[in-house]
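Here are the chains, one letter per residue:
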Amino acid sequence: EDQVTQSPEALRLQEGESSSLNCSYTVSGLRGLFWYRQDPGKGPEFLFTLYSAGEEKEKERLKATLTKKESFLHITAPKPEDSATYLCAVRGDSSYKLIFGSGTRLLVRP
Amino acid sequence: DAGITQSPRHKVTETGTPVTLRCHQTENHRYMYWYRQDPGHGLRLIHYSYGVKDTDKGEVSDGYSVSRSKTEDFLLTLESATSSQTSVYFCAISGGDGYTFGSGTRLTVV
């Protein structure tokens, strides 16, 4: 059964304090690992898709990496506007469905 | 979100009444999805569609039905709403590198 576990559940950082969010997964035939950002009262906003171990993608202060068992979302020198819930999801080779983790709530204090 | 709209945005209904939520896309994507989001559970797939009149169940489909008579519209119906169906409902479409989500419908069953 495809499964995604995210940690920590919540993370508080000071502005400028770099850190990483973890996404561990088990899936039959990874067809993509997805990172989303979600602000309160809004739908998830697409950030990255990673397809194979060793792949990395960057966007502003965010960098996503992928191994065969987990993905990390590295946040470098975060700002208060980076505060949000970050969601990880996987798609396996059995269908086009996304399986989501429960998310990490990030709070960046000025 | 560009290309995908959900209606209504908010709804309060009474236990036992039927409710229909609408998802409309302008991207001509084949795949459409309905998810629900609850605290501690993340996003869970209710139903999805892989074409006009082609639908399949997700992991939490009990109490829900869907219909897709046109490529652009995907309807989610709660035949007889229960308090356990109080949630935020998101529609999504898949295409290209990522999945795009709507802004959500907050449904309260009293």
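Note that the structure is a prediction, hence the values are computed from the model and not measured. (Residues numbered from 1 in each chain as written. Chains lettered and ligands numbered in written order. Predicted model: local features only at pLDDT ≥ 70, side-chain atom pairs only at ≥ 80, totals over all residues. Heavy atoms only, no water.)

What follows deals with the packing of aromatic side chains. All names here are of chain B. With the rule as written, the count across this model stands at 14 aromatic pairs over all chains. Consider the rings of Tyr33 and Tyr48, whose centres lie 6.1 Å apart with planes at 20°: the pair is stacked. Placement of Tyr33 in strand 4 (residues 31-38) and of Tyr48 in strand 5 (residues 42-51) is noted, with a sequence separation of 15 residues between them. Here Tyr33 falls in the buried class, since its relative accessible area comes to 0%. For the ring pair Tyr35 and Phe101, a centre distance of 5.9 Å and an interplane angle of 50° mean the geometry is tilted. (Phe/Tyr/Trp six-rings, centres within 6.5 Å; stacked < 30°, edge-to-face > 60°. Helix = DSSP H or I, 4+ residues; strand = E, 2+ residues; numbered from the N terminus. Buried < 20%, exposed > 50% of the residue type's maximum accessible area, 1.4 Å probe, protein only.)

The next point concerns the sheet that holds strand 7 (residues 64-70) of chain B. All names here are of chain B. Strand order in the open sheet formed by four strands is 1-3-8-7, with antiparallel pairing between adjacent strands. Strands with a single pairing partner mark the edges of an open sheet, and in this sheet they are strand 1 (4-7) and strand 7. Shown here is a sheet whose adjacent strand axes are inclined to one another by a mean of 20°, direction ignored. Of the strand pairs in this sheet, strand 3 (residues 19-25) and strand 8 (residues 73-78) are connected by six bridges, and their pairing is antiparallel. Pairing of Thr20 across the sheet is with Thr77, part of strand 8. (Pairing = 2+ DSSP bridges. Axes fitted to C-alpha atoms, helices over the stretch in contact; angles between N-to-C directions.)

What follows is about the state of the cysteines. Scanning the model with the defined rule gives two disulfides over all chains in all. The side chain of Cys23(A) participates in a disulfide bridge whose partner is Cys88(A); the two sulfur atoms lie 1.9 Å from each other. Because the sign of the S-S torsion sets the handedness, a value of about -65° for the bond joining Cys23(A) and Cys88(A) places this disulfide among the left-handed ones. Placement of Cys23(A) in strand 3 (residues 19-26) and of Cys88(A) in strand 9 (residues 84-92) is noted, with a sequence separation of 65 residues between them. Of the two residues, Cys23(A) and Cys88(A), both sit in the buried class. Residue pairing for Cys23(B): its cysteine sulfur links by disulfide to Cys91(B), the two sulfurs lying 1.9 Å apart. (Disulfide = S-S within 2.5 Å.)

Across the contact, 18 residues belong to chain B and 19 residues belong to chain A. Summed over both sides, the interface of chain B with chain A buries roughly 1500 Å², with 54% coming from carbon and sulfur. Our count for the chain B to chain A interface comes out at zero salt bridges. Joining chain B to chain A, the criterion identifies three residue pairs in polar contact (both at pLDDT 80 or more). Those elements that place two or more of their residues in the side of chain B that touches chain A are strand 4, strand 5 and strand 10 (98-101) of chain B. By residue class, the composition of the side of chain B that touches chain A is nine nonpolar, seven polar and two charged. (Contact = heavy atoms within 4.5 Å. Buried area = accessible area lost by both parts, 1.4 Å probe. Salt bridge = Lys/Arg side-chain N within 4 Å of Asp/Glu carboxyl O. Polar contact = N/O pair within 3.5 Å; in protein donor to acceptor, adjacent residues only side chain to side chain. Nonpolar A, V, L, I, M, F, W, Y, C, P; charged D, E, K, R; others polar.)

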